[in-house]
Amino acid sequence: MAKLNNSLPVNTALTKRKKIIVSVSNDLATDQRVKKVCAWLHDHNFEVVLLGRKLKNSIEVNDRPYKVKRFNLWFNKGALFYANLNMRLYFYLLFHKSDVLLANDLDTLPANYYARKKRELVYDTHELFCEVPELQNNPRKKKIWLNFEKRIFPKLKKVLTVNESIANWYYDLYKVKPLVLRNISEKRVNVLNKTRSELGLPDNTFIVIIQGSGINMNRGNEEVLQAFEKLSNQYLLLIVGSGDVLPALQEQARNKNMQNVVFKPKMPYGELMQYTASCDLGISMDKDTNLNYRFSLPNKLFDFMHAGVPVLASNLPEIARVVKTHETGILVDSHEPGVIAEKIVALRNDVGLQEKLKANCIKASEELNWENECRVLEKIYLKE
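In this text the structure is predicted, and so the values were computed from the model without any measurement.

## Re the overall build of the protein
Secondary structure assignment for the protein yields 17 helices and 15 strands. What you see for the protein is a C-alpha radius of gyration of 22 Å, in line with the 21 Å of a compact globule of 384 residues. A buried classification covers 54% of the 384 residues belonging to the protein. Considering only contacts within the protein whose residues lie at least 6 apart along the sequence, 66% involve residues at least 24 apart.

What follows is the structure, encoded as structure tokens:
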């Protein structure tokens, strides 16, 4: 037994730090789930090393209390990117000691699985990876990833995922039931400390926000922009973030000379939340075009909630479960631009409903927050 300065005995086995290497395929800057998990691990006496990749436009991540390493890869997309990433990860993991490996999503799992040796492996799957739209349109690539998943997933002992629908899906396939850790925001006190003027936003305007790093096709963004063609300059659409559909949205707004649409690049989370809290309505309009979107439960749904901002959302199972239970927004079954425009106008004109939904958001955030959600991690990392 060792002794602390206050002479109380302490079991050294309980104080020994475990080292965990965490792998992701993104550039770390906007991945709030991984950031929160790493912070929890650090706070619970783990020595954390976070691995990601470096892009030309990557935001610096110097604010982490743990080690961060980002690989400069030869390729940034396609099969060569994934091969390059997994080779770099594999050799790094092979020659760096740790007690635990944490693979985030299927695109980092092969390297972690084959380099694990006798180390504990935790898998956090953020989506139904093999059901993403990019793979639905490419059966050959889907088959490759599905083969990796089928080979590895049934052998895993510790698995996390983002909602109950996806957990059930994986259990039906592989008879391994992941624990559910939702992408819920941290408690935020006084989110808004900048005025609209300070953010360069107009007063006396109903502001609607699309945000995140997944502003992609088939997520309803094109229809929302078309809806704003029908709305006056009393309404403003603010689009903040990144994604593959952004160039098309920007071109459409430019060609239509839409003065009621503003684009902002991806930015640090704290800065983003300033813009979010300054808005009147958030958008989460994923389409039911694939299983991954059908079972989506986006981070932004909880970001809106914690900022006191109601949401206009598509009526998908996991999203509807939250919105209906806590009455934090309006669900729609149609992606017709005219319907979307009508819903936005109706909410702007119903001040009483606005106030009710905002109050419900704040109330729900007292229950749905990271401080409550992260207790699931104890079952993975603190129990033998």
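Let's pick the thread back up.
## What about unusual backbone geometry?
Positive phi, close to 60 degrees, is recorded for Lys175, a residue that is not glycine. Mapped onto the secondary structure, Lys175 falls in the loop between helix 7 (164-174) and strand 9 (179-180). Take Lys175: its relative accessible area is 58%, and that puts it in the exposed class. Backbone geometry places Asn257, a non-glycine residue, at a positive phi of 50 degrees. Inspection of the secondary structure puts Asn257 in the loop between helix 9 (246-255) and strand 12 (261-264).

## Section: the nonpolar core
Residues Leu51, Leu109, Tyr123, Phe153 and Leu156 are the most contacted members of the largest nonpolar core, which totals 36 residues. Broken down by element, the residue count for this core peaks at 5 residues, all from helix 3 (residues 78-95). Not counting residues within four places of it along the chain, the set of residues in contact with Tyr123 comprises Ala103, Asp105, Leu106, Leu109, Phe153, Leu156, Lys158, Val159 and Leu160. Grouped together as the second largest cluster of nonpolar side chains are 32 residues, Leu236, Met267, Leu297 and Ala313 included.

## Some words on the pairing of strand 13 (residues 281-284)
Going residue by residue along strand 13, you find Leu281 and Ile283 tucked away on one face and Gly282 and Ser284 tucked away on the opposite face as well. Bridge count for strand 10 (residues 206-212) against strand 13 is 2 bridges, and the pairing is parallel. Across the sheet, residue Val208 finds its bridge partner in strand 13, namely Leu281. Here strand 13 runs beside strand 14 (residues 311-314); their pairing, made up of 3 bridges, is parallel. Directly across from Ile283, in strand 14, lies its bridge partner Leu312.

## What about a nonpolar patch on the surface?
On the surface, Trp74, Phe75 and Leu80 cluster together to form a nonpolar patch covering roughly 390 Å² of accessible area. Mapped onto the elements, Phe75 comes out in the loop between strand 5 (67-71) and helix 3. The class of Phe75 is partly exposed, set by a relative accessible area of 32%.

Criteria and thresholds
- Residues numbered from 1 in each chain as written.
- Predicted model: local features only at pLDDT ≥ 70, side-chain atom pairs only at ≥ 80, totals over all residues.
- Heavy atoms only, no water.
- Helix = DSSP H or I, 4+ residues; strand = E, 2+ residues; numbered from the N terminus.
- Rg over C-alpha atoms; globule rule 2.2 N^0.38 Å.
- Buried < 20%, exposed > 50% of the residue type's maximum accessible area, 1.4 Å probe, protein only.
- Contact = heavy atoms within 4.5 Å.
- Core = buried A, V, L, I, M, F, W, Y, C linked by side-chain atoms within 4.5 Å.
- Pairing = 2+ DSSP bridges.
- Patch = residues over 30% accessible without salt bridge, like charges linked within 9 Å, V, L, I, M, F, W, Y side chains within 5 Å.
- Areas by Shrake-Rupley, 256 points an atom, 1.4 Å probe, with all protein chains shown as cover.
- Salt bridge = Lys/Arg side-chain N within 4 Å of Asp/Glu carboxyl O.

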